[in-house]
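Observations on chain architecture
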Amino acid sequence: MLMNVGYAEAMKVFNWTCLVFHDVDLLPEDDRGMYNCDQAPVHLSAYIDKFKYKIPYKKIFGGVSVLKTWQMKKINGFANQFWGWGGEDDDLFMRVSKAGLKITRYPKEICRYKMFKHEHEASNAKNKNRKKYLKKSSLKNSKLDGLNNLRYNLDGVISNYLYTNITVRLEPVPVLNAAKKTRRH
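How each quantity is defined
- Residues numbered from 1 in each chain as written.
- Predicted model: local features only at pLDDT ≥ 70, side-chain atom pairs only at ≥ 80, totals over all residues.
- Heavy atoms only, no water.
- 1 Å grid on protein atoms, 1.4 Å probe; cavity = no way out; pocket = protein on both sides within 12 Å on 5 of 7 lines; lining within 4 Å.
- Points joined across faces, edges and corners; volume = space filled by probe spheres on them.
- Salt bridge = Lys/Arg side-chain N within 4 Å of Asp/Glu carboxyl O.
- Helix = DSSP H or I, 4+ residues; strand = E, 2+ residues; numbered from the N terminus.
- Buried < 20%, exposed > 50% of the residue type's maximum accessible area, 1.4 Å probe, protein only.
- Core = buried A, V, L, I, M, F, W, Y, C linked by side-chain atoms within 4.5 Å.
- Phe/Tyr/Trp six-rings, centres within 6.5 Å; stacked < 30°, edge-to-face > 60°.
- Lys NZ or Arg CZ within 6 Å of the ring centre and 35° of its normal.
- Patch = residues over 30% accessible without salt bridge, like charges linked within 9 Å, V, L, I, M, F, W, Y side chains within 5 Å.
- Areas by Shrake-Rupley, 256 points an atom, 1.4 Å probe, with all protein chains shown as cover.
- Pairing = 2+ DSSP bridges.
- pLDDT = per-residue confidence, 0-100.

1. Notes on empty space enclosed by the protein
- As enumerated under the stated definition, the model contains 1 cavity of 30 Å³ or more in all.
- Its boundaries defined by the atoms lining it, the largest cavity holds a volume of some 40 Å³.
- In terms of lining, the largest cavity is formed by Met3, Phe21, Asp23, Phe61, Gly62, Gly63, Ser65, Phe78, Asp89 and Leu92.

Here it is as structure tokens:
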């Protein structure tokens, strides 16, 4: 949900055409990895030291992801159903694939990342329902859950030289299940 908030708030400031979603615990090891958009969505952080610079599984699309604005709109952004750590990256991969977009990964010689070791905060614990949601509901709900049902209250924006601090209160959206919808005649 916070990625969608970042997108929504950034679009209020400028009509951006390229978006970079970057986990704070990743640092590029080489400055040749370009933080810009390509024709396809780009997975910049496919090669991370924690995984011995190997892609841990084929459907990973997290860490540092780059999308054009029209691609973000086409996939309806990130799911708002993920709270806590984990799952949103895999859901993003499925949304991108469902939209018929292919993910680009640059060579590992130039797109290597260092992951800083850290503990998960109590407020950002591992999401125990992530696998269940991914398996049962994720793709079915991608048109219903994302940018189009984002709800939050903006508490403050502080613009600094190198970053902008945006403080929001999130409004959880009800768990959706498009598969259970029935039509009545």
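2. Digging into the pattern of salt bridges
- Following the criterion strictly, the structure yields 6 salt bridges and no others.
- Between Glu9 and Lys12 there is a salt bridge; the shortest N-O distance is 2.7 Å. Of this pair, Glu9 and Lys12 both sit in helix α1 (residues 2–13), 3 residues apart, which is roughly one turn of that helix.
- The exposure class assigned to Lys12 is exposed, which follows from its relative accessible area of 57%.
- For the salt bridge of Glu29 with Arg112, the shortest nitrogen-to-oxygen distance reads 3.5 Å.

3. Side note on the nonpolar core
- Formed by 13 residues in total, the largest nonpolar core has its most connected members in Phe21, Met72, Ile75 and Val96.
- Every element with two or more residues in this core is listed here: β1 (18–22) and α3 (88–98).
- Broken down by element, this core gets its largest block of residues, 3 residues, from α3.
- By size, the runner-up hydrophobic cluster in this structure holds 10 residues, among which are Val42, Val64, Tyr113 and Met115.

4. Let's talk about the packing of aromatic side chains
- Applying the stated rule across the entire model yields 2 aromatic pairs.
- Over the face of the ring belonging to Tyr53 we find Arg112, whose NZ or CZ atom lies 3.5 Å from the ring centre.

5. Considering unusual backbone geometry
- Of note in this structure, Tyr53 is not a glycine but carries a positive phi near 60°.
- By relative accessible area, which is 17% here, Tyr53 ends up buried.
- Residues other than glycine seldom take positive phi values, yet Asn76 does so here, at roughly 65°.
- Inspection of the secondary structure puts Asn76 in the loop between α2 (69–74) and α3.
- Judged by relative accessible area, Asn76 falls into the buried class, the value being 9%.

6. Some thoughts on a nonpolar patch on the surface
- There is a patch of nonpolar side chains on the surface, built from Val13, Phe14 and Trp16 and spanning about 340 Å² of accessible area.
- Counting through the fold element by element, Trp16 comes out in the loop between α1 and β1.

7. A word on the sheet that holds strand β5 (residues 64–68)
- Reading across the sheet, the 3 strands line up as β1-β5-β3 and stay open at both edges, with antiparallel pairing between neighbours. Taken across any chain shown, the strands that pair with only one partner, and hence form the sheet edges, are β1 and β3 (42–43).
- Where β3 and β5 come together, 2 bridges link them in antiparallel fashion. Bridge assignment links Val42 to a residue of β5, and that residue is Val66.

8. Some points on the confidence of the model for the protein chain
- Taken over all residues, the pLDDT of the protein chain has a mean of 86, while the share at 70 or more is 80%.
- At the level of individual helices and strands, the protein chain shows its lowest average pLDDT in helix α4 (residues 130–136), which scores 64, and its highest in α2, which scores 98.

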